[in-house]
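Each chain, written out:
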Amino acid sequence: MSGRIVYIASNTFREAVRDRVLYNLIAFALLMSGAAILVGQISIGIERLVVINLGLTAVSLFGIVIAIFIGIGLVSKEIDRKTLYTVLSRPVQRWEFIVGKFFGLAGTLIVNAFFMALGVFAALFYVSRHFQATDGWVLVALYFIILQFLIITSLALLFSSFSSPLLSAVFAFALFIIGTFAEDLRGFASLTKGIVRWLATAAAYLVPNFSALNVISSVAHEQPVARQLIISNTAYALVYASVALCGAVLIFERRNLK
Amino acid sequence: MKPSRRVTIVASTLLVICLTASVLLLRTIDRERTGATLEEVLYVSSPTLLKRMSLGYDGLLADVYWTRAVQYFGDKLNRGSEHFDLLAPLLEITTTLDPHLMVAYEYGANFLAPEIPGGAGQPERAIKLVEFGIRNNPNVWRLYYDLGFIYYFDLEDYDKAEKAFADGAKLPNTHQIMPLMAAKMAEHAGNIDTARLMWMTTFQTTRDPNVKSNAVAHLNALQVDQDVTILERLTSKYREKTGHLPQTFSDLEAANLLRGIPVDPLGHTYKLMPDGRVEVRVPDDLPFIVKGIPVGYIPPRIPKLPPVN
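Residues numbered from 1 in each chain as written. Chains lettered and ligands numbered in written order. Predicted model: local features only at pLDDT ≥ 70, side-chain atom pairs only at ≥ 80, totals over all residues.

## Describing the overall build of chain A
If you tally the helices and strands in chain A, you get 12 helices and zero strands. If you list the helices and strands of chain A from N to C, you get α-α-α-α-α-α-α-α-α-α-α-α. Put simply, chain A has 258 residues, and 46% of those count as buried. A sequence separation of at least 24 residues applies to 84% of the contacts in chain A between residues at least 6 apart. (Helix = DSSP H or I, 4+ residues; strand = E, 2+ residues; numbered from the N terminus. Buried ≥ 20, exposed ≤ 12 C-beta atoms within 10 Å, placed from the backbone. Contact = placed C-beta atoms within 7 Å.)

Written out as structure tokens, the structure reads:
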């Protein structure tokens, strides 16, 4: 990675921290500690299940919201503040700016997820007083959530490279929802015929597949995740994020910034 | 070459390569996760809880679950599976989310109730499903028909079948077949014409291609059963008349017992065996037949349903 990309990425991370993005950790900590105490009082035998489900869902949703709302402003904010012109007047290429922004926000989300993961494990320890081998699958679920963040960050950047922040947020959220039902979408496509089937299948493969990246329920039920799935999901998330980033670079390269 | 042009070419190439790779990877993931979604969705197996969780979008969620039910059954059937454990909960969730989704009840009556391999072999669950439908749609004759259908074919409880048809016949917008079916249940329950009438009604009134195809397969099977019965009776008659069994159908024709060489509903000629039995030529294409099955024939694990245009 070139030094310029690293510099833009670290600046993006610093800016996110300065914007008090990590304050969401306070809300998350309150949620987890409240849930742990409550679940410890009222649940009979499903404390771990509730804490894992609630914790991982919160990590995912907090991260997705941050990825979208920060991601959509990464380009437009720089244009509004005119700081983009200062950056691009230096020997920084446009694609480096986009890629740097991507890594900056991805880094912010990973740090955020790391602290939230600590919260989940703390709550898990509080309700069951010990850790067990199957808790390792929670780490896999967290890893998949981070892969989701990479995809959604790249999509937010793609939309923000040509659209207004509001529309970018709408597009990104819509794609997140559609992607959550990606497997059902392919199911719908398989029930159709002819040209409609072809188009529906193409659309179903074009939207990001978030359903395969969501193993929260299965790890909450202490079910293992296949190693092959971890490898395939990693490759898929990286490749899909690359697609969105390439799209963002192509659009941003041609965008008239005057 | 300008740097921006170089970036465009590299980014475009990378985009195409990555997009292709993402599709290939997704296909790999799909293969690795066969059935995973369904098992996961049923971690929340309470239809009532799901209805609350749908935040008012229960219609859309019902459509999603309906598609999952059809896919689940289709996939399992195509793989020759003998376990359809998730079909009943999927249909129950679908109908709780949208109690007016008639096609789900119809699907339950046709595929949840019949014995494996043609169905899931759960007639009691199918009855519960259709009764739930009747409670929520008391004026829909089709549900009473589906209920009578299950009692007639799967449980052979002709009294309850008659009651279901009679109840449906009282509705203001009932179908003309309902009082007829009630009468037939009372008089001729169990005969082949009644069964044919029911499958014909199912074929004519359904819009679901799977249900239609299933009905055609059953109608073909009934036709074969009837043909074989008649042909074997004619063979016995020939034997009584001549003292020996016919060698071919032409012998029956020559004895004025038959007009032409008989064919099954798919156009294949029947086989007259040396012992006087009659067999079908392509039993794989005629699932559900009970007569005319070749000796030693092992049916395929997956019933071959005819295509419906």
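Having put the structure on the table, let's press on.
## Points about the interface of chain B and chain A
Chain B puts 27 residues into the contact, and the matching count from chain A is 31 residues. For the side of chain B that touches chain A, the secondary-structure elements that each account for two or more residues are helix H1 (3-32), helix H2 (36-41) and helix H4 (58-78) of chain B. By residue number, the principal contributor to the side of chain B that touches chain A is H1(B), which donates 18 residues. Partitioning the side of chain B that touches chain A into residue classes produces 15 nonpolar, eight polar and four charged. (Nonpolar A, V, L, I, M, F, W, Y, C, P; charged D, E, K, R; others polar.)

## Observations regarding the nonpolar core
Core analysis: the largest hydrophobic core is formed by 154 residues, its most contacted members being A:Ala67, A:Ile98, A:Ile152, A:Ala172, A:Leu245 and B:Leu87. Considering each element in turn, this core owes the most residues, 16 residues, to helix H7 (residues 136-160) of chain A. Mapped onto the domain boundaries, this core takes at least three residues apiece from domain 1 (37-205) and domain 2 (214-285) of chain B. (Core = buried A, V, L, I, M, F, W, Y, C linked by C-beta atoms within 7 Å. Domains from an automatic or database assignment.)

## Things to note about the confidence of the model for chain B
Residues and elements named next belong to chain B. Confidence in the prediction for chain B averages 84 pLDDT; 92% of positions are at 70 or higher. Here H2 stands out as the element of chain B with the lowest mean pLDDT, 54, in contrast to helix H7 (residues 123-136), whose mean of 94 is the highest. Taken together, the chains of this predicted complex give a pTM of 0.67 and an interface ipTM of 0.80. (pLDDT = per-residue confidence, 0-100.)

## Describing the packing of helix H5 (residues 87-97) of chain B against helix H6 (residues 102-112) of chain B
Residues and elements named next belong to chain B. As a packed pair, H5 and H6 sit with axes 10 Å apart at the nearest point and diverge in direction by 165 degrees. Here H6 runs roughly antiparallel to H5, going by the angle between their axes. Seen along the crossing, H5 lies across H6 with a hand that is left-handed. For the pair H5 and H6, contact is made by Leu87, Ala88, Leu91, Thr94 and Thr95 and by Ala104, Tyr105, Tyr107, Gly108 and Leu112, respectively. Looking at the contact of H5 with H6 residue by residue, the class counts come to seven nonpolar, three polar and no charged. (Axes fitted to C-alpha atoms, helices over the stretch in contact; angles between N-to-C directions. Parallel < 35°, antiparallel > 145°, perpendicular 65-115°, else oblique. Left-handed = near helix turned anticlockwise from the far one by under 90°.)

## Side note on the packing of helix H3 (residues 47-71) of chain A against H7(A)
Residue and element names in this part refer to chain A. Between H3 and H7, the shortest axis-to-axis distance is 8 Å and the interhelical angle comes to 20 degrees. When the interaxial angle is binned, H3 and H7 end up roughly parallel. Handedness of the H3/H7 crossing: right-handed. Between H3 and H7, the residues in contact are Ile52, Leu56, Val59, Ser60, Gly63, Ile64, Ala67, Ile68 and Gly71 and Val138, Ala141, Leu142, Ile145, Gln148, Phe149, Ile152, Thr153, Ala156, Leu157 and Ser160, respectively. Classifying every residue of the contact of H3 with H7 gives 14 nonpolar, six polar and no charged.

## Considering unusual backbone geometry
Phi at A:Lys82 is positive, roughly 65 degrees, even though this residue is not glycine. Note that A:Lys82 resides in the loop between helix H4 (73-80) and helix H5 (83-89). If you check the backbone angles, B:Glu156 has positive phi at about 50 degrees while not being a glycine. With respect to the helices and strands, B:Glu156 occurs in the loop between helix H8 (141-154) and helix H9 (158-169). A count of 11 C-beta atoms within 10 Å places B:Glu156 in the exposed class.

## Topic: H7(A)
Along its 25 residues, H7(A) runs 36 Å from first to last C-alpha, staying within 8% of the 36 Å computed at 1.5 Å per residue. Most of H7(A) is tucked away, with 20 of its 25 residues classed as buried. (Expected span 1.5 Å × (residues − 1).)

## Examining the environment of A:Ile70
Residues and elements named next belong to chain A. Considering the arrangement of structural elements, one finds Ile70 in helix H3. Exposure remark for Ile70: the 22 C-beta atoms within 10 Å place this residue in the buried category. C-alpha separation for the pair Ile70 and Leu105, spaced 35 residues apart in sequence, amounts to 7.7 Å. In contact with Ile70, not counting residues within four places along its chain, are Ala16, Val21 and Leu105.

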